[in-house]
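# Topology and contacts: notes
Residues per chain, in single letters:
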Amino acid sequence: MKRLIGLAICACLSFACSSESSGPSGAKPHSIVVTPDSVTLDQQGDSIQLVPNVLDDNGHLISGISVVFTSNNPTIATVSPIGYVKPVGPAGVTSIKLKAGGITRNVPVVVISVANTITLTPNAPVIAQLSSVQLTAHVVDRNGDIIAGAPITYVSADPALAVVSPTGNVTSVGPSGSVLIGAQSGALNASVSVVIAQVPTTLSLVPDPLPIAVGGTGRLNARVLDAVGAPIAGATFTFTSNNTGLVTVDNTGLVTSVAQTGSTTIHVTSGTLSADATVNVVVASHPFGNIAANVPVASTAYGAAISPSGVVYVATLNGTVERGSLSSFSFSNVLNGLGQLAAVAFNPAGDEAYVAYAASGLQFIHVANNSITNSAGPIAPTPFDLAVSANGQRVYVGTDGMVYAIDVVSHSVVDSLQIGTVIHLALHPNQSKLYVSAINEAKVYELDTATLDTLRSFSLSGTIQGIGVSPDGNTLYAADESGGVYVINLTTGGSTRISANVCQAYGLLVTKDGQQVYISCYLDGEVKIIDTGTSAVIKTLSSLGGVRRLAMSPDGLSIVVVTEGGAAILIQ
């Protein structure tokens, strides 16, 4: 075969120099045999050479006759003088004509489309929730032409956001977000990002109704919700009281009683949306158990305290103190580098606050300018909780193994007692007794506040954490982190355990009227409210994160709880 092709090429080359219509022997051309006798080429691929042999009527090879090559459609394929066929670009069908003497031969040529890319339009469409958009995909060949009928498969990268039909129709399932929609054909892939935009649908007001105490405040939380009930960030609101003689409302939703009982509504608008919430002004002696605000603070927030004027301090395990107020309920950092702080407390006047850490003891904070003015100690080992006497003269500090009594005038430790790991403290309303929970012993100790002598102890079970005493001084409540709350009769010393529907309790406080007990559930991220008359959980505030200590305002109408994740939550 190699010899035959070589002879043929030599013949072609010699034929190109001659215009004779017969060979040197006088034989007339009868047919042209071509190898290959048909050509199939990929777009923009390599060329193929046609090798002709001119034969006489006896099938003998005739030499010395020129062969002329011509493309019948040079836009599809071209041919060189010596028979090289090359695709130009577009896919299609043509033929190459070979002429020798008075005879011709046509060799069919097919240029096959080669899939090169997929185009997908529109690019980066934005659609509203629960709406659709039609995508159009084309397989394009190397020449940039669409390959008709090429199979295409569509796929959604996140069917929870959007689904796509076999024809490329993309439909939002509901939630907002961005989703990649892909088109596949063979080994080729293309994708576009479809953005699903939130649609303002509902104006939500919580709580509704909003109860507030006479002369007190409450916050109406407004949110614009989208088509699936998710909040839309950045929405602005206008609040209007329909009875300013009963309550006023500011542009943050803070509703203030104008010192009388009654009911009215607050009208709220945001864009084209509007809603009304009922406000009931009542005589109150404890919080209503509604979340008024949930704002960020430093991470590892652990303790909180509220002054009579509404200043709020938050202490963190990272050694920082943040300051806010009940009215605005936003916080900023005011002290740093103080070591691990698990608690903070104000004196009764609210002009001085206290934090404690092992290296430097009890720190005295001047509230007016947030500066540390004195210290007392050292206090060792790690301090956990603080309690301030009603006359403001003593601060009690519970640590991992000790209880200290500190005189705030002399800034000195005046008494101490070695005891178990003390995480929580609580003073008796008559100030004569200090209660401490020792988690490593599953006990609560009753100490004499004047001498720190142990008066008695209450043996319980589990992991005893937060404690609190009822306003009448007859009942002690103790949170059990293994699940439940103990109710201890301080007259008889007997105890009962509330366990139904109660979480793994950490922090605990008793309302000023003694009607409710609040407990924080660190692992569950909840705050539960217990009715002291029925021992039943009457309300649960959920999805709060790792809640730690609770603090109550001196008027008993506001509670602040902080989370280790970095949040301060106002309950009113």
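Summary of the structure given here. (Residues numbered from 1 in each chain as written. Predicted model: local features only at pLDDT ≥ 70, side-chain atom pairs only at ≥ 80, totals over all residues. Heavy atoms only, no water.)

### With respect to the sheet that holds strand E7 (residues 84–87)
Worth spelling out the cut-off: Any two strands are treated as partners once DSSP identifies two or more bridges connecting them. Counting from the N terminus, the helices are DSSP H or I runs at least four residues long and the strands are E runs at least two residues long.
Read from one edge to the other, the open sheet built from 3 strands follows the order E3-E7-E6, with strand pairing classed as antiparallel. The open sheet has two edge strands with one neighbour each: strand E3 (48–49) and strand E6 (77–79).

### Considerations on the pattern of salt bridges
This is how it is decided: One side-chain nitrogen of Lys or Arg within 4 Å of one carboxyl oxygen of Asp or Glu is enough to make a salt bridge.
Following the criterion strictly, the structure yields 5 salt bridges and no others. Residue Glu446 is joined to Arg456 by a salt bridge in which the shortest nitrogen-to-oxygen separation is 2.8 Å. Residue Glu446 is located in strand E41 (residues 443–448), and its partner Arg456 is located in strand E42 (residues 454–459); the two are separated by 10 residues in the primary sequence. Across the pair Arg548 and Glu564 runs a salt bridge, and its minimum N-O distance is 2.8 Å. With a gap of 16 residues between them, Arg548 in strand E51 (residues 547–552) and Glu564 in the loop between strand E52 (559–563) and strand E53 (567–571) connect regions that are remote in the sequence.

### Some remarks on the packing of aromatic side chains
Heads up, the condition is: Each Phe, Tyr or Trp ring (for Trp, its six-membered ring) is paired with any other whose centre lies within 6.5 Å, and the angle between the two planes then decides the class: stacked below 30 degrees, edge-to-face above 60, tilted in between. Partly exposed residues are those whose accessible area sits between 20% and 50% of the maximum for their type, while under 20% is buried and over 50% is exposed, using a 1.4 Å probe and protein chains only. Counted as over-ring charges are cases with an Arg CZ or a Lys NZ within 6 Å of the ring centre that also lie within 35 degrees of the ring normal.
Evaluation of the coordinates by the stated rule reveals 5 aromatic pairs. Ring centres of Tyr302 and Tyr506 lie 6.0 Å apart, and the angle between their planes is 85 degrees; on these two criteria the pair is classed as edge-to-face. Of this pair, Tyr302 sits in strand E29 (residues 301–306) while Tyr506 sits in the loop between strand E46 (495–498) and strand E47 (508–510), and the two are 204 residues apart along the sequence. Tyr506 shares its class with Tyr302; the two are buried. Geometrically, the ring pair formed by Phe329 and Phe331 is edge-to-face, given 5.2 Å between the ring centres and 85 degrees between the ring planes. By relative accessible area, Phe331 is classed as buried at 15%. In this structure, Arg548 is placed above the aromatic ring of Tyr506, and the distance from its NZ or CZ to the ring centre is 4.6 Å. In this structure, Arg548 is placed above the aromatic ring of Tyr522, and the distance from its NZ or CZ to the ring centre is 3.6 Å.

### Overview of the sheet that holds strand E12 (residues 132–134)
We count it as follows: Axes, fitted as lines to C-alpha atoms, cover a helix only where it is in contact. Angles between the N-to-C directions of the axes lie from 0 to 180 degrees.
One open sheet holds the 3 strands; their spatial order is E12-E16-E15, and the pairing between them is antiparallel. Each having just a single partner strand, E12 and strand E15 (162–164) make up the two edges of the open sheet. Strand-to-strand twist in this sheet, taken as the mean axis angle between neighbours without regard to direction, amounts to 15 degrees. Pairing of E12 with strand E16 (residues 169–172) involves 3 bridges; the strand directions are antiparallel. By the bridge assignment for E16, Val133 is matched with Val170.

### Considering the environment of Val68
What counts, and what does not: Contact criterion: two residues are considered in contact whenever any of their non-hydrogen atoms come within 4.5 Å of each other.
Looking at the element boundaries, Val68 is found in strand E5 (residues 68–71). Separated by 494 residues in the primary sequence, Val68 and Val562 have C-alpha atoms spaced 94 Å apart. Among all residues touching Val68, those that are not within four sequence positions of it are Lys97, Leu98 and Lys99.

### As for the nonpolar core
This is how it is decided: In plain words, nonpolar cores are sets of buried Ala, Val, Leu, Ile, Met, Phe, Trp, Tyr and Cys residues tied together by side-chain atoms within 4.5 Å.
By size, the foremost hydrophobic cluster in this structure holds 22 residues, and its most contacted members are Ile32, Leu50, Phe69, Val85, Ile96, Leu98 and Val109. Within the residue set of this core, elements represented by two or more residues are strand E1 (31–35), strand E2 (39–42), E6, strand E8 (92–100) and strand E9 (103–112). Sorting elements by how many residues they give to this core places E9 first, with 4 residues. Leave out the neighbours within four places in its chain, and Leu98 touches Ile32, Val34, Leu50, Pro52, Val67, Val68, Phe69, Ile103, Thr104, Arg105 and Val107. If you look at the next biggest cluster of nonpolar residues, it comprises 21 residues, including Ile118, Leu135, Ala137 and Val194.

### Comments concerning the pairing of strand E4 (residues 51–55)
Among the 5 residues that make up E4, 5 are buried, leaving the element largely enclosed by the rest of the structure. On E4, burial covers both faces: Val51, Asn53 and Leu55 on one face and Pro52 and Val54 on the other are all buried. When E1 meets E4, the two strands line up antiparallel, connected through 5 bridges. Bridge assignment links Val33 to a residue of E4, and that residue is Asn53.

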